[in-house]
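Coordinate analysis (summary)
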Amino acid sequence: MAECEEEVEVLVQRVVKDITSAFKKNPSIDEIGVIPCPEARYNRSPIVLVENKLGVESWCVKFLLPYVHNKLLLYRQRKHWLDREALVDITCTVLLLNPDFTTAWNVRKELLQSGVLNPEKDLYLGQLALTKFPKSPETWIHRRWVLQHVLAQLAAVGSSRKHQQTGEAEQVDADRRQELSDHLARTLHQEMKVCSDAACRYPSNYNAWSHRIWVLQHMARGNAKVFHDELSSMRLWVSMHVSDHSGFHYRQFLLKELIHELSQSAASCTSSPQHRTSSAPSSPTLHSQANGELSGGEGEGEGEGEEGEEDLTGEGEGEERQLSFITVLQLFHQEMELISDLIRSFPGHETLWSHRRHVFFLWQQWRRDQKLSNGGELAQLSDGEAGLQKGGCLGGESVNGQSHSDAMEVERVCLPDPRDSKRLKRGVHLPAPPSLPSEYTFVSSVLDSCCPPDQRRFAVSYKKWLDTVIVQEP
């Protein structure tokens, strides 16, 4: 028995050493796997490296995992000593084959906090483990912990640089901030790729999509461009995975966040000019423009100057609110167009109907909130909705009540550029917003077509939901 244990120990040390050597030989390994091999046929290493793929013959796993598990548990109980380098190699080996071993991740947390491990190296290990076990909850949990550690380090570096604001230190500080910003952008891009790969490997991968949401909430909060890009890039993915509930839930999250950001930006421009004038210093006066820039003026011609500045400020606020309203309207229009095409192209998928229900309910909720917050300012959202459905243009009568003319067509598939305010003054062609009549028309068109029984059942259920939930809303 003792001889057998010695043989197992020699085998494990050999496997761990070979895996470590494989990573040193090829740092670009991007996938791991287990090669079916019931027994050792040749006197060779069970570790196989082909290009960027790392394989482990299955016959050695039954010896490797129990031995390494026991070693780590004894180490945690302070009954066995392992140096730091051995801990790094052993935990790497066991986590590649069993990433749900929490003790191994906890050991690596301690090594990372002590400076032995690089956070990027730990993220890379988790990425490899997810190629074999894309739903591993412990791997995603540890990944979030590492990202929090990275964010805390970046915040600490940024705060320590604030005190160096003289001479050359300012330039150094600016370069450092740019470097940190680039590092954060690369990390965000890498996390999006890891989540996308894991979602493709395992359908309805709730853990991967939840992690993706967490990353955006903590690393891209308030960055509407990132959410916009994600929403656009997800169109192709959901079109190829029409039964993936988690993917459509992520799309709903993006839609909610974008609408919230746009509503917040519009609400920030609704404060009265008198309030800002009274709160600002009398000389020189500072006025906040719609694009966030500050302009200063002297105290000359206070009466005419204040009136002109108030008019310009009010016009800028109106354009900002109008732009937010158009953007939200186009977001809903494009989403309903997408889901309508998918329902017709892929009949009988309940996920698509559930997503349509959620989007339409979100539209109803946003419209109600706008009516409550703006009073009669956005009247066309309710009584005047028919005019918008016919392709009405915000030209003759704009959202904020200002009169414009010379309507101009813009492409509906693109969202308006916030910097292009001249187009707003000439009028923007509005897409048709979602409405109960349009939804009933869509359901009728589906029921009138030759559709499978499941498609008919989902359409009838959706119509019943419209009758019982939407129609009865106050």
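In what follows, the accompanying structure is described. Sequence order sets the numbering: in each chain, residues are counted from 1 along the sequence as written. Owing to the predicted nature of the model, reporting of local features is limited to residues with pLDDT of at least 70; listing and counting of side-chain atom pairs is limited to 80 or more, with chain, interface and lining totals taken over all residues. To get the side-chain values, take all heavy atoms of the structure and skip hydrogens and water.

When two helices pack together, their arrangement is given by the angle between their axes and by how far apart the axes lie. Between helix α4 (residues 102-113) and helix α5 (residues 119-132), whose axes approach to 10 Å, the crossing angle comes to 160 degrees. The orientation of α4 with respect to α5, classified from their angle, is roughly antiparallel. The two elements α4 and α5 meet at a crossing, and its hand is right-handed. On the side of α4, the interface is formed by Trp105, Arg108 and Leu112, while α5 contributes Pro119, Asp122, Leu125 and Gly126. Here the residues of the contact of α4 with α5 are counted per class, giving four nonpolar, one polar and two charged. Fitted lines through C-alpha atoms give the axes, limited to the stretch in contact for helices. The angle between two N-to-C directions lies from 0 to 180 degrees. Helix and strand definitions here come from DSSP, where helices need a minimum of 4 consecutive H or I residues and strands a minimum of 2 consecutive E residues; each element is numbered from the N-terminal end. Any angle from 65 to 115 degrees is called roughly perpendicular, while one under 35 is roughly parallel, one over 145 is roughly antiparallel, and all others are oblique. Left-handed is the label given to a crossing in which the near helix is rotated counterclockwise from the far helix by less than a right angle, and right-handed is the label when the rotation is clockwise. Two residues form a contact once any of their heavy atoms are found within 4.5 Å. Put simply, Ala, Val, Leu, Ile, Met, Phe, Trp, Tyr, Cys and Pro go in the nonpolar bin, Asp, Glu, Lys and Arg in the charged bin, and everything else, Gly too, in the polar bin.

With that settled, the discussion passes to the sheet that holds strand β1 (residues 31-35). Adjacent strands of a sheet form backbone hydrogen bonds with each other and so pair up, either parallel or antiparallel. Strands are treated as partners if at least two bridges between them are detected by DSSP. Strands sit in the order β1-β3-β2 across an open sheet of three strands; the sheet is mixed. Every other strand in the sheet has two partners, leaving β1 and β2 (47-50) as the edge strands with one partner each. Averaged over neighbouring strand pairs, the angle between their axes works out to 25 degrees when direction is ignored.

With that settled, the discussion passes to empty space enclosed by the protein. Both cavities and pockets are sets of points on a 1 Å grid over the protein atoms alone; in a cavity a 1.4 Å probe fits but cannot get out, in a pocket the set is open with protein on both sides within 12 Å along at least five of seven lines, and lining residues sit with an atom within 4 Å of a point. Grid points are joined across faces, edges and corners, and a volume is the space filled by probe spheres set on the points. Within the structure shown, the criterion is met by four cavities of 30 Å³ or more. Of the voids in this model, the largest cavity is the one considered here, and its volume is about 60 Å³. Lining the largest cavity, in full, are Ile32, Gly33, Val34, Leu54, Val56, Leu96, Leu97 and Lys132. Contributions of two or more residues to the lining of the largest cavity are made by β1, β3 (53-57) and α3 (84-97). If one sorts the elements of the lining of the largest cavity by residue count, β1 sits on top with three residues. When the residues that make up the lining of the largest cavity are grouped by side-chain class, the tally is six nonpolar, one polar and one charged.

What follows covers the pattern of salt bridges. Each reported salt bridge corresponds to a side-chain nitrogen of Lys or Arg within 4 Å of a carboxyl oxygen of Asp or Glu. On inspection of all chains with the given rule, the structure shows 15 salt bridges. Between Arg76 and Glu110 there is a salt bridge, with the nearest N and O atoms lying 2.7 Å from each other. Of this pair, Arg76 sits in helix α2 (residues 61-76) while Glu110 sits in helix α4, placing them 34 residues apart in sequence. Close ionic contact of Glu230 with Arg212 constitutes a salt bridge, the shortest N to O distance being 3.0 Å. In this pair, Glu230 is assigned in helix α9 (residues 224-240) and Arg212 in helix α8 (residues 206-219), connecting sequence segments 18 residues apart. Arg212 matches Glu230 in its accessibility class, with the two residues each being buried. One salt-bridge network, held together by shared partners, links Asp30, Glu31, Lys53 and Arg201. Each residue is assigned to one of three classes by its accessible area relative to the maximum for its type, calculated with a 1.4 Å probe on protein chains only: buried under 20%, partly exposed between the two thresholds, exposed over 50%.

Nothing here speaks to function; it is all geometry.
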